[in-house]
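Descriptive structure summary
The primary structure of each chain is shown beneath.
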Amino acid sequence: MQKLKRISDLLTNLAYTCICGSDDQEVTGIQYDSRKTFEAGCAFVCLTGANFDAHHYIPQAIDKGAKVLIVEKDVSVYQGSTIIRVENTRHALAVLSAAFFDYPAKKLTLIGITGTKGKTTTAWMIRKLLEKAGKKTGIIGTLGAFYKTENGEVKVETKNSTPESYELHSLFDQMCRAGCTHVVMEVSSQAFMTWRVCGIRFQYGLFTNLSPDHIGEGEHKDFAEYLYYKSQMFQCSDIGIGNADDAHFAEVSKESTCDRLYTFGCGEGVDLRAEQISCLREPGFIGIDCRMSGACDMDVRIGCMGRFNAYNAMAAIMTAKLLDVSDQVIAEVMYTMAVRGRVEPVHVSDHVQLLIDYAHNAVSAESLLTTILEYKPKRLICVFGAGGNRSKLRRYDMGEIAGKYADLSILTADNPRFEEVEDIIDDIVVGMERSHGRYIRISDRREAIRYSIEHAEDGDIIALFGKGHEDYQEIRGVRYPFDDRSVVEEIVRG
């Protein structure tokens, strides 16, 4: 049955002026993108962005069946249409969306995670901990939105780490209907700035860390603004959980309105502390080992590489303890923990380890490779390419970094888009030659992966990076199925 909602009921919590028509008008849905398919009788919300203004597309929206227009500017009056003026249409979209889906966020225990790094890994850690503890949990973030139904796991593609408010409330509604009681989600600074999470109250709000990022045209004007929007997490959460070791934690948390703020870190005086962090590599396992004390008092082995993952684990474990997850569940989940495309181990043999990662620029590649070197591989083998129709400088820098740290680089295709793979590899070679790195060229990514596995020696670690969680290759405007982990598994099976 089609859902009909009176526009005045959807705008109950928002000041507005009815310019023409009637706010008693019923609507069948909400739309904000004139390019999409409309339901006849829907409300069209005119958003304004850095490079677009939906007010210009009102005629197209009306032609597609929009009956109500939500605007923040003066517009022409269209016969038969209701026009509602508000101060901020992004704010209005969030209010309308929550009401249209009958406030699904209020029916869930929401766990929000913000920070420059670690959001995706921490979110998946929490989801797996809660699921193992018997709490049906959805997740929304960089890798998409996921929740389980009777027919298995549902994946919904998302454009942003934090979707637009309408998609967000739609996902909450879907998850409620599927029986989810908890949702863990990544919350970007952009989501706070553009009202995507306006009106949402998180029962638990997490802060991982902060470093300069997303600053520039179309994003944040400076670091101060970036920090301000990150700090909003502690003003819309009941319970806060933060990384006390981060240099910006005090500033991020100083305006906190949380009922209680818990901390984690490696220093004294925190609620959850990690000590004796060490890299651990055994047949069939690669990760870290550490001692947790405070809220969780036990030794923990974490199946994610890199000492930095101790912080992601602490954020997840602190959350889990507050949600009554047992130490036994924590130990089991952390040992087997792997996040798709984030230093993700894929089994090759007990003597050779292969890791898939999303690193696709020099900074992330250097972080990945230096992390791997802490595990003292016999050889570090890199398999990577670079995206087409992107900066040549990025290619030079990635080549230089790989040449600096790897014993051998196998240069191959990534997402060539509208460029030739060999031309992209030529650019990577420019960087490789700066650092005098050893390399070979195999433009077919499948064959490059095969070569790395078939020529690996006992004790080697293969780093297959650039695409991470992606399950496609983009060539000449077409996305062809291609999943690095599936290719590895096929090769290993023979």
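Residues numbered from 1 in each chain as written. Predicted model: local features only at pLDDT ≥ 70, side-chain atom pairs only at ≥ 80, totals over all residues. Heavy atoms only, no water.

A look at the packing of helix α3 (residues 89–100) against helix α5 (residues 165–177)
- Contact geometry of α3 with α5 gives a least axis separation of 8 Å together with a crossing angle of 20 degrees. By the angle class used here, α3 and α5 are roughly parallel. Handedness of the α3/α5 crossing: right-handed. Where α3 abuts α5, its residues Leu93, Ala94, Ser97 and Ala98 lie against Ser165, Tyr166 and His169.
- Of the residues that constitute the contact of α3 with α5, the class distribution is four nonpolar, three polar and no charged. (Axes fitted to C-alpha atoms, helices over the stretch in contact; angles between N-to-C directions. Helix = DSSP H or I, 4+ residues; strand = E, 2+ residues; numbered from the N terminus. Parallel < 35°, antiparallel > 145°, perpendicular 65-115°, else oblique. Left-handed = near helix turned anticlockwise from the far one by under 90°. Contact = heavy atoms within 4.5 Å. Nonpolar A, V, L, I, M, F, W, Y, C, P; charged D, E, K, R; others polar.)

Brief notes about the pairing of strand β18 (residues 298–302)
- Only one face of β18 is buried: it carries Met298, Val300 and Ile302, and the other face, with Asp299 and Arg301, is open.
- By the bridge criterion, five bridges tie strand β17 (residues 285–294) to β18 in an arrangement that is antiparallel. When the sheet's bridge partners are listed, Arg291 is paired in β18 with Asp299.
- Connecting the antiparallel pair β17 and β18 is a turn made up of three residues. (Buried < 20%, exposed > 50% of the residue type's maximum accessible area, 1.4 Å probe, protein only. Pairing = 2+ DSSP bridges.)

With respect to the environment of Gly118
- Inspection of the secondary structure puts Gly118 in the loop between β8 (109–114) and α4 (119–132).
- Taking the C-alpha atoms as reference points, Gly118 and Asn209, 91 residues apart in sequence, are found 7.9 Å from one another.
- Not counting the four nearest positions on each side in its chain, Gly118 is found in contact with Thr208 and Asn312.

As for the sheet that holds β8
- Spatially, the 11 strands line up as an open sheet ordered β11-β10-β9-β12-β8-β13-β14-β15-β16-β17-β18, and their pairing is mixed. Two strands lie at the open edges of the sheet, namely β11 (152–156) and β18, each paired on one side alone. Neighbour-to-neighbour, the strand axes of this sheet turn through a mean angle of 20 degrees, independent of strand direction.
- Helix α10 (residues 327–335) contacts β17 and β18 of the sheet and is inclined by roughly 25 degrees relative to β18.

Looking at empty space enclosed by the protein
- By the definition in use, this model includes one cavity of 30 Å³ or more.
- A volume near 30 Å³ is recorded for the largest cavity.
- As for the largest cavity, its lining consists of Ala386, Thr412, Ala413, Asp414, Pro416, Val421, Ile424 and Ile425.
- A breakdown of the residues in the lining of the largest cavity according to their chemical character gives six nonpolar, one polar and one charged. (1 Å grid on protein atoms, 1.4 Å probe; cavity = no way out; pocket = protein on both sides within 12 Å on 5 of 7 lines; lining within 4 Å. Points joined across faces, edges and corners; volume = space filled by probe spheres on them.)

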